[in-house]
Amino acid sequence: VSMSIVDSQGRERTREFTILRSDDPGPEGADPESHAGDQKFYIYFHRPADVNKMVYQVWKKAAAGADDDRWLYLPALDLVKRIAGTEKRTSFVGSDFFYEDVSGRHLSADRHELAEVTDNYYVLNNIPRDPGSVEFASYRMWIHKVTFLPVKIEYYDKDGAKIREYAALGVETIQGHPTVVKSTMKDNRTGSTTTMSYSNVVYDIGLPDEIFSERYLRQPPRAHLR
């Protein structure tokens, strides 16, 4: 992933990192497209120098109400930091994406309502079940009818002002999977915009489960990060 963060004055900062993800198929007999199982994420930072070798790891629980496990490895301090649930709605490495944006938000965290059906999209209104845990009062999501990818999300505060907006800028079909290869998040409060571009995306590479452990926070799996 190549990340570009541009502030309101046009100044740019960049990040480069690799994401490894493992999807548990869920209970025996579950539809593989239902995403009924847990997910694990391992994110390794390459550039710039101040984040090189930093690792962010998530064990995302599929069960309703279950808390995800999140860790951040800071190589300069040789420190593994556990990320509390309250921190998942904070900036991901200084970008306009939040930690939760990267690993995904649980369906059970919100109440969902089908607001509109257009030629190409299902439009959903979503209200958080725990308003005190998030900075938004609601969000509106456009789901593409064919791919079921969310291609636009708008977040609103309690006064109805749009505070953040996400857009999928590029989608490709890779190994039969519709895949977002470029996306952007804009923070209307600060005027900052972050763009993420994905390259060398591959599926079904047989990642060993042991990669997603505390040991590999300090000893990254080099063969899978090239």
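Our subject is the structure listed above.
Computed from a prediction, not measured in an experiment: that's the story for all the values here.

Colleague: Got a sec to walk through the overall build of the chain? Specific residues and values, please.
Modeller: A count of helices and strands for the chain gives two helices and 13 strands. Taken against the 2.2 N^0.38 rule, which gives 17 Å for 226 residues, the C-alpha radius of gyration of the chain at 18 Å falls within 12% of a compact globule. Principal axes of the C-alpha set define a box for the chain whose edges measure 50 × 50 × 35 Å. Here the chain, with 226 residues, has 36% of them falling under the buried criterion.

Colleague: So what about the packing of aromatic side chains? Which residues, and what values?
Modeller: Applying the stated criterion to the full structure yields 12 aromatic pairs. Centroid distance F136 to Y139: 5.5 Å. Interplanar angle 90 degrees. Geometry classified as edge-to-face. Neither residue differs from the other here; F136 and Y139 are each classed as buried. In textbook terms, an aromatic cluster arises when at least three aromatic residues are bridged by ring pairs, as seen for F17, F45, Y56, F92 and Y99. Seen from the ring of W59, K40 lies directly overhead, with NZ or CZ sitting 4.8 Å from the centre. Its end group placed over the ring of F98, R164 keeps NZ or CZ at 3.9 Å from the ring centre.

Colleague: Any details on unusual backbone geometry? Residues and values, ideally.
Modeller: That bond from R47 to P48 is cis: its omega, 0 degrees, falls within 30 degrees of zero. Here P48 is to be found in the loop between β3 (39-47) and β4 (55-60). Positive phi is not limited to glycine here, since K53 has a value of about 75 degrees. The residue K53 is located in the loop between β3 and β4 in this model. Phi at Q175 takes a positive value of approximately 50 degrees, unusual for a residue other than glycine. Tracing the chain through its elements places Q175 in the loop between β11 (162-174) and β12 (177-187).

Colleague: I'd like to hear about a nonpolar patch on the surface, residue by residue, with values.
Modeller: On the surface, L114, V117, Y122 and F148 cluster together to form a nonpolar patch covering roughly 390 Å² of accessible area. With respect to the helices and strands, F148 occurs in the loop between β9 (138-144) and β10 (150-156).

Colleague: Pulling in residues and values, what's your account of the environment of D7?
Modeller: Secondary-structure assignment places D7 in the loop between β1 (2-6) and β2 (12-23). Judged by its relative accessible area of 22%, D7 falls in the partly exposed class. On a C-alpha basis, the gap between D7 and Y166 in space is 16 Å, while along the polypeptide they are 159 residues apart. Sequence-distant contacts of D7, that is, excluding residues within four places in its chain, are made with G191 and S192. For D7, the side chain forms a polar contact with the main-chain nitrogen of Q9, separated by 2.9 Å. A polar side-chain atom of D7 sits 2.7 Å from a polar atom in the side chain of R11.

Cut-off values and rules
- Counting from 1, residues in each chain are numbered in the order their sequence is written.
- The predicted origin of the model limits local features to residues at a pLDDT of at least 70 and limits the giving and counting of side-chain atom pairs to 80 or more, whereas totals for whole chains, interfaces and linings rest on all residues.
- Hydrogens and water molecules were not included; the side-chain quantities draw on all heavy atoms of the structure.
- Helix numbering and strand numbering both begin at the N terminus, where a helix is a DSSP run of H or I of at least 4 residues and a strand a DSSP run of E of at least 2.
- Using C-alpha atoms as the atom set, the radius of gyration is obtained and then compared with a globule rule of 2.2 Å times the number of residues to the power 0.38.
- For every residue, the accessible area (1.4 Å probe, protein chains only) is compared with the maximum for its type, and the residue is labelled buried under 20%, exposed over 50%, or partly exposed between those bounds.
- In this analysis, rings of Phe, Tyr and Trp, with Trp reduced to its six-membered ring, are considered paired at centre separations within 6.5 Å, and the interplanar angle assigns stacked below 30 degrees, edge-to-face beyond 60, and tilted for intermediate values.
- The rule is short: NZ of Lys or CZ of Arg within 6 Å of the ring centre and within 35 degrees of the ring normal puts a charge over the ring.
- Like charges within 9 Å and nonpolar side chains (Val, Leu, Ile, Met, Phe, Trp, Tyr) within 5 Å are joined into patches, using only residues over 30% in relative accessible area that form no salt bridge.
- Only the protein chains shown count as cover for residues, and the accessible areas themselves come from Shrake-Rupley with a 1.4 Å probe.
- Salt bridge, as used here, is a side-chain nitrogen of Lys or Arg placed within 4 Å of a carboxyl oxygen of Asp or Glu.
- Only heavy atoms matter for contacts: two residues are in contact if any of them lie within 4.5 Å across the pair.
- Two N or O atoms form a polar contact when they lie within 3.5 Å of each other; inside protein one atom must be a possible hydrogen donor and the other a possible acceptor, and for residues adjacent in sequence the pair counts only when both atoms belong to side chains.

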